[in-house]
Amino acid sequence: ASAMSKVSFSVNGEVRDLELDTRTTLLDALREHLHLTGTKKGCDHGQCGACTVIVDGRRINACLSLAVMHEGDAITTVEGLGSPENLHPMQAAFIKHDGFQCGYCTPGQICSSVAVLEEIKAGIPSHVTADLTAASQVTPEEIRERMSGNICRCGAYSNILDAITEVAERQA
Ligand code: FES
Ligand code: FES
């Protein structure tokens, strides 16, 4: 037997009201109920980062989170970051640096990296840099560590790193 529940959250600035099986993940709610297929399903087990979205400013793996837990939350997917006519600076940098091959991991990489730069700005420490305020500059090691949950099967890592580094330097 399945239980249905109502949930209301905003996705890319628009309030969405859904009635879902309580076991529906946020990922399936986005892809199958709201038809926002930019967010990808890789492993469905929290191990690849393809499903990364930004919830109230923090990145999460949407496959690990139940949609009904997000009542009132503000969710941003890759569709909400920019459009083909008006790319987000991170999207533009990924194109400039060839930060993808097949592109399957790319929406997650981009959502994750946008949130990473916010984490750094907010001084949230990682394993690499315990005290960011003491760091004069964001190092490649720092970005690599923070992006380690986003797997790229095509191995585009060095170009991804170049893209994120450029945006980080511009923001510094
Ligand atoms: Fe969510 Fe892989 S699909 S982490
Ligand atoms: Fe193919 Fe990353 S570009 S998985």
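Residues numbered from 1 in each chain as written. Chains lettered and ligands numbered in written order. Predicted model: local features only at pLDDT ≥ 70, side-chain atom pairs only at ≥ 80, totals over all residues.

Undergrad: Account for the domain arrangement of the chain, naming residues and giving values.
TA: Split by domain assignment, the chain resolves into domain 1 (4-81) and domain 2 (89-171). In this structure, domain 1 and domain 2 have C-alpha centres spaced 22 Å apart. The partner domain 2 presents 14 residues to the 15 residues of domain 1 that form the contact. Secondary-structure elements contributing two or more residues to the side of domain 1 that touches domain 2 are β3 (52-55), β4 (58-61) and α2 (78-81). Ranked by residue count, the leading element in the side of domain 1 that touches domain 2 is β3, at three residues. Considered class by class, the residues forming the side of domain 1 that touches domain 2 number seven nonpolar, five polar and three charged. (Domains from an automatic or database assignment. Contact = placed C-beta atoms within 7 Å. Helix = DSSP H or I, 4+ residues; strand = E, 2+ residues; numbered from the N terminus. Nonpolar A, V, L, I, M, F, W, Y, C, P; charged D, E, K, R; others polar.)

Undergrad: An account of the packing of helix α4 (residues 106-121) against helix α6 (residues 157-171) is requested, with residue identities and associated values reported.
TA: Across the interface, α4 lies against α6 with an axial gap of 11 Å and an inter-helix angle of 30°. Here the hand of the crossing between α4 and α6 comes out right-handed. On α6, the residues that touch Gln109, Ser113 and Leu117 of α4 are Ile160, Ile164, Val167, Ala168 and Gln171. (Axes fitted to C-alpha atoms, helices over the stretch in contact; angles between N-to-C directions. Left-handed = near helix turned anticlockwise from the far one by under 90°.)

Undergrad: A description of the environment of Glu119 should follow, citing residues and the corresponding values.
TA: Within the fold, Glu119 resides in helix α4. Residue classification places Glu119 among the partly exposed positions, given that 16 C-beta atoms sit within 10 Å. C-alpha of Glu119 to C-alpha of Arg16: the two residues are 103 residues apart in sequence and 27 Å apart in space. (Buried ≥ 20, exposed ≤ 12 C-beta atoms within 10 Å, placed from the backbone.)

Undergrad: Lay out unusual backbone geometry in plain terms, naming residues and giving numbers.
TA: Its identity is not glycine, yet Asp44 carries a phi of approximately 65°, on the positive side. Secondary-structure assignment places Asp44 in the loop between α1 (26-33) and β3. Here Asp44 falls in the partly exposed class, since 16 other C-beta atoms lie within 10 Å of it. For Asp98, which is not a glycine, the phi torsion comes out positive at approximately 55°. A count of 13 C-beta atoms within 10 Å places Asp98 in the partly exposed class.

Undergrad: Describe in detail the sheet that holds strand β2 (residues 14-21), supporting the description with residues and values.
TA: Taken in spatial order, the five strands make up an open sheet running β2-β1-β5-β3-β4, and their pairing is mixed. Each of the sheet's edge strands pairs with one partner strand only, and the pair in question is β2 and β4. Averaged over all neighbouring strand pairs, the angle between strand axes comes to 40°, with direction disregarded. As paired elements, strand β1 (residues 4-11) and β2 share eight bridges and run antiparallel to each other. Within the sheet, the bridge partner assigned to Val7 lies in β2 and is Leu18. Of the strands in this sheet, β3 and β4 touch α4, which is tilted by about 35° from β3. (Pairing = 2+ DSSP bridges.)

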